[in-house]
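# Chain and residue survey
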Amino acid sequence: MKRTAKLILCASALLTTLFITSCGKDDDESGPSYEFIDQNLQGTIDGQAFDFGEGEAELTTNFDEEQVLALDLFDSNEEITDICEFFGFGDQVSVFFSITPEVGLYPLSFNANSFTGQTVTLFNPDGAVNNISTEGAVEILSISDTQVRGRIDARFDSENNVNGNFTATFCTEE
């Protein structure tokens, strides 16, 4: 149920920001642009500092009934007792996205005509602001029974961007 609520929130945010993220983009840009920094995942979301503390990953299905790996990455200031039981987005800025459950590199993009692509949401709980990043990339480095390791370079604008490494706990729904 919590995953369905997050998917609905993400879908509505994506539709709401569809025209914002696609306006002003030059379709003739050459290839993906990303540069991973070897550091703990950090950056800014709506001008607020984000420093990765804990994250959860779980397998779920998307709107097309395809299996995806959903990741929620939380700020180090977020107080979390049990990451697999944590519900919601908390009081701190966070990062979330769904991705193919395979090791690999996934450039960020969004196709407004077919509603396809890979995005990363930079979430600010103050006003429930979703900044949908379509510039950069996500790389999943490893997936085990207990954790997912990866790195992100995701950019929306100068006040909304994150870059660095993360390790998320792999949670299973019971």
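Higher on the page you've got the structure.
So, here is what we can say about the structure in this document. (Residues numbered from 1 in each chain as written. Predicted model: local features only at pLDDT ≥ 70, side-chain atom pairs only at ≥ 80, totals over all residues. Heavy atoms only, no water.)

Attention now goes to the environment of Ser-33. Note that Ser-33 resides in the loop between α1 (2-22) and β1 (42-45). Linking Ser-33 and Glu-135, residues 102 residues apart in sequence, is a C-alpha distance of 7.0 Å. Not counting residues up to four positions away in its chain, the partners in contact with Ser-33 are Gly-136 and Arg-155. (Helix = DSSP H or I, 4+ residues; strand = E, 2+ residues; numbered from the N terminus. Contact = heavy atoms within 4.5 Å.)

Attention shifts here to the packing of aromatic side chains. We describe a pair of aromatic rings using the distance from one ring centre to the other and the angle between the two ring planes. Summed over the entire model, instances satisfying the criterion amount to three aromatic pairs. Both rings, one in Tyr-34 and one in Phe-36, keep their centres 5.5 Å apart while their planes meet at 45 degrees; by these two values the pair is tilted. Geometrically, the ring pair formed by Phe-97 and Phe-166 is edge-to-face, given 6.4 Å between the ring centres and 75 degrees between the ring planes. With Phe-97 in strand β4 (residues 94-99) and Phe-166 in strand β10 (residues 160-170), the pair connects residues that are 69 residues apart, well separated along the chain. (Phe/Tyr/Trp six-rings, centres within 6.5 Å; stacked < 30°, edge-to-face > 60°.)

Moving on, we get to the state of the cysteines. Tallying each qualifying case throughout the model produces one disulfide. The disulfide that involves Cys-84 links it to Cys-171, with 2.0 Å between the sulfurs. Where Cys-84 bonds to Cys-171 through sulfur, the torsion about that S-S bond is close to -80 degrees, and the disulfide is left-handed. Placement of the pair is Cys-84 in the loop between β3 (67-75) and β4 and Cys-171 in the segment after β10, with a sequence separation of 87 residues. The exposure class of Cys-84 is partly exposed, given its relative accessible area of 28%. (Disulfide = S-S within 2.5 Å. Buried < 20%, exposed > 50% of the residue type's maximum accessible area, 1.4 Å probe, protein only.)

This part takes up the nonpolar core. Leu-71, Leu-73, Val-95, Phe-97, Ile-152 and Phe-166 are the most contacted members of the largest nonpolar core, which totals 25 residues. For this core, the secondary-structure elements that each account for two or more residues are β2 (48-61), β3, β4, β6 (120-124), β8 (135-143), β9 (147-157) and β10. At four residues, the largest contribution of residues to this core is made by β10. When residues no more than four places from it in sequence are discounted, the contact partners of Ile-152 are Phe-36, Leu-41, Leu-73, Val-95, Phe-97, Ala-137, Val-138, Val-162, Asn-163, Gly-164 and Phe-166. Core analysis: the next-biggest nonpolar cluster, separate from the first, contains five residues, Phe-74, Ile-80, Ile-83 and Phe-86 among them. (Core = buried A, V, L, I, M, F, W, Y, C linked by side-chain atoms within 4.5 Å.)

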